[in-house]
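As a plain string of letters, each chain reads:
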Amino acid sequence: MTARGSDDEVMQEELKAGGAIPQHIAIIMDGNGRWAKQRALPRVAGHREGVNSVRDIVEACGQVGVGCLTLYAFSTENWKRPQQEVSTLMRLLVKALRDETDKLYKNNVRLTAIGEIDSLPRDVQRELSDSFERTKKNTGLNLNLALSYSGRWEITSAAKKIAGDVAKGKIEIDNITESLLSSYMSTADIPDPDLMIRTSGEFRISNFLLYQLAYTEIYISKVYWPDFRRKHLYEAIRDYQKRERRFGLVSEQVKHLQTL
Ligand code: IPE
Ligand code: IPE
Ligand code: MG
């Protein structure tokens, strides 16, 4: 075993002993362009290096026992970027899926995606469905990619589907509850995120998981995504473990509930 391997294992054991590991982590992977600019490189160089961060974070999440990792890879609004950047991002996505699916499979990772998948180029859709198919029986980490995704798009789609089902008589208006609404979201089978990380120091949500982030703990890292590696993830989890999640209650109630 390499020295790095054993150091990392020690850190992972400390993390697991230090408190609860968030079961769903959602990440806004931001700062690729600025990372490249800092090095006088084209923006695409930042996106390319960002794939290495994805690989490291996915592997580390699997090893520490995170159940689901949702990565914001491309927003609905990102379609409005210069056409050349959009097509480069799509090409990188196809390449990453081709290069990484074997490894995901071997690491017991199950790949899923949320977003307007129909709007992606055909070759991206094909690669995605191959990777979904290949990994669908895996039981380890669920790696969930948000692609052509936005929270407002998702809520609007859910509203349309619910209205359609009411019109067809499948559901009654009185049966529209928070849990019914959740079941119409693209995250229906996934618990809400426990921890949301945004890299590159920006303090905003940028249309990510608007419904699901209601009680998520937020962690902002100054590090640009291409530099964000497992040690930064561990810092975020350590910070999360120090928080008290009150869900609207007072601290004494939370402490009492923990003793039950
Ligand atoms: C995140 O990095 C990647 C995507 C949004 C696809 P950016 O490309 O937004 O990088 P910055 O924010 O311009 O530095
Ligand atoms: C959010 O980053 C979307 C992704 C990381 C895919 P953006 O770079 O698009 O967000 P803004 O424009 O800074 O809000
Ligand atoms: Mg950005």
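Throughout, a residue's number is its position along its own chain's written sequence, starting from 1. Here the convention is simple: chains get letters from A, ligands get numbers from 1, in the order in which they are written. The predicted nature of this model means local features are confined to residues of pLDDT at least 70 and side-chain atom pairs, given and counted, to a pLDDT of 80 or more, with totals for whole chains, interfaces and linings taken over all residues. Hydrogens and waters are ignored; side-chain quantities use all the structure's heavy atoms.

Describe the overall build of the protein chain, listing the residues and the values that go with them.
When helices and strands are tallied, the protein chain shows 9 helices and 6 strands. Relative to its length of 260 residues, the protein chain is compact, with a C-alpha radius of gyration of 19 Å against a globular reference of 18 Å. Each residue is assigned to one of three classes by its accessible area relative to the maximum for its type, calculated with a 1.4 Å probe on protein chains only: buried under 20%, partly exposed between the two thresholds, exposed over 50%. The proportion of buried residues among the 260 residues of the protein chain is 45%. Counting only contacts in the protein chain whose residues sit at least 6 apart along the sequence, the fraction spanning at least 24 positions is 77%. Accessible surface, the protein chain: about 14,200 Å² in total, of which carbon and sulfur atoms supply 52%. Numbering of helices and strands runs from the N terminus; a helix is a DSSP stretch of H or I covering at least four residues, while a strand is a stretch of E covering at least two. Radius of gyration means the value over C-alpha atoms here, while the globule rule gives 2.2 Å times the residue count to the 0.38 power. Working rule for contacts: check all heavy atoms of both residues, and any pair within 4.5 Å makes them a contact. In short, Shrake-Rupley with a 1.4 Å probe defines the accessible areas, and a residue's cover is counted only from the protein chains shown.

Describe helix α3 (residues 43–64), listing the residues and the values that go with them.
Helical geometry: 3.6 residues make up each α-helical turn, so side chains three or four residues apart lie on a common side. The end-to-end C-alpha separation of α3 is 32 Å, in line with the 32 Å expected for 22 residues at 1.5 Å each. Restricting attention to buried positions, one finds in α3 the residues A45, G46, H47, G50, S53, D56, I57, V58, A60, C61 and V64. G65 sits one or two positions beyond α3 and adopts a positive phi of about 95°. A helix's residues, less one, multiplied by 1.5 Å, set its expected span.

Can you break down the site of ligand 2 residue by residue, with the values?
For this purpose, a residue is taken to be near a molecule or strand whenever a single non-hydrogen atom of the residue falls within 4 Å of it. Taken together, I28, M29, D30, Y72, A73, F74, S75, N78, R81, R198, R204 and S206 make up the full set of residues adjacent to ligand 2. Between ligand 2 and the protein, one listed contact pairs an oxygen atom with a side-chain N or O atom of N78 at 3.0 Å. Each polar contact in these results corresponds to two N or O atoms within 3.5 Å; when the atoms are within protein, one needs to be able to donate a hydrogen and the other to accept it, and residues that are neighboring in sequence are counted only if both atoms are side-chain atoms. Separating an oxygen atom of ligand 2 from a side-chain N or O atom of R81 is a distance of 3.3 Å. Tallying contributions element by element places strand β2 (residues 68–75) first for the shell around ligand 2, with 4 residues. Residues are sorted three ways: Asp, Glu, Lys and Arg are charged, Ala, Val, Leu, Ile, Met, Phe, Trp, Tyr, Cys and Pro are nonpolar, and all the rest, Gly among them, are polar. Looking at the shell around ligand 2 residue by residue, the classes come out as 5 nonpolar, 3 polar and 4 charged.

Give a detailed account of the environment of E77, specifying residues and quantitative values.
Among the structural elements, E77 can be located in the loop between β2 and α4 (83–106). E77 gets classed as partly exposed once you look at its relative accessible area, which sits at 34%. On a C-alpha basis, the gap between E77 and A26 in space is 18 Å, while along the polypeptide they are 51 residues apart. Ignoring any residue separated from it by four or fewer positions in sequence, one finds E77 in contact with S150 and N207.

Mind laying out the packing of aromatic side chains, listing which residues take part and the relevant values?
Any two of the Phe, Tyr and Trp rings considered here, Trp counted by its six-membered ring, make a pair once their centres fall within 6.5 Å; the pair's planes then place it as stacked at under 30 degrees, edge-to-face at over 60, or tilted in between. Tallied over the entire structure, the rule returns 7 aromatic pairs. Ring plane angle 75° and centroid distance 4.9 Å describe the contact between F74 and W79, whose orientation is recorded as edge-to-face. Overall, the relative accessible area of 3% leaves F74 in the buried class. Pairing Y149 with F208 gives two aromatic rings, centres 6.3 Å apart and planes at 90°, and the pair type is edge-to-face. Pair noted here: Y149 is in strand β4 (residues 142–149) and F208 is in the loop between β5 (195–198) and β6 (217–220), with a separation of 59 residues, a long-range link. Among the aromatic residues, ring-to-ring pairing joins Y72, Y149, W153 and F208 into one connected group. Seen from the ring of Y105, R134 lies directly overhead, with NZ or CZ sitting 4.4 Å from the centre. Sitting over a ring, as applied to charges here, requires NZ of Lys or CZ of Arg to be within 6 Å of the ring centre and within 35 degrees of the ring normal.

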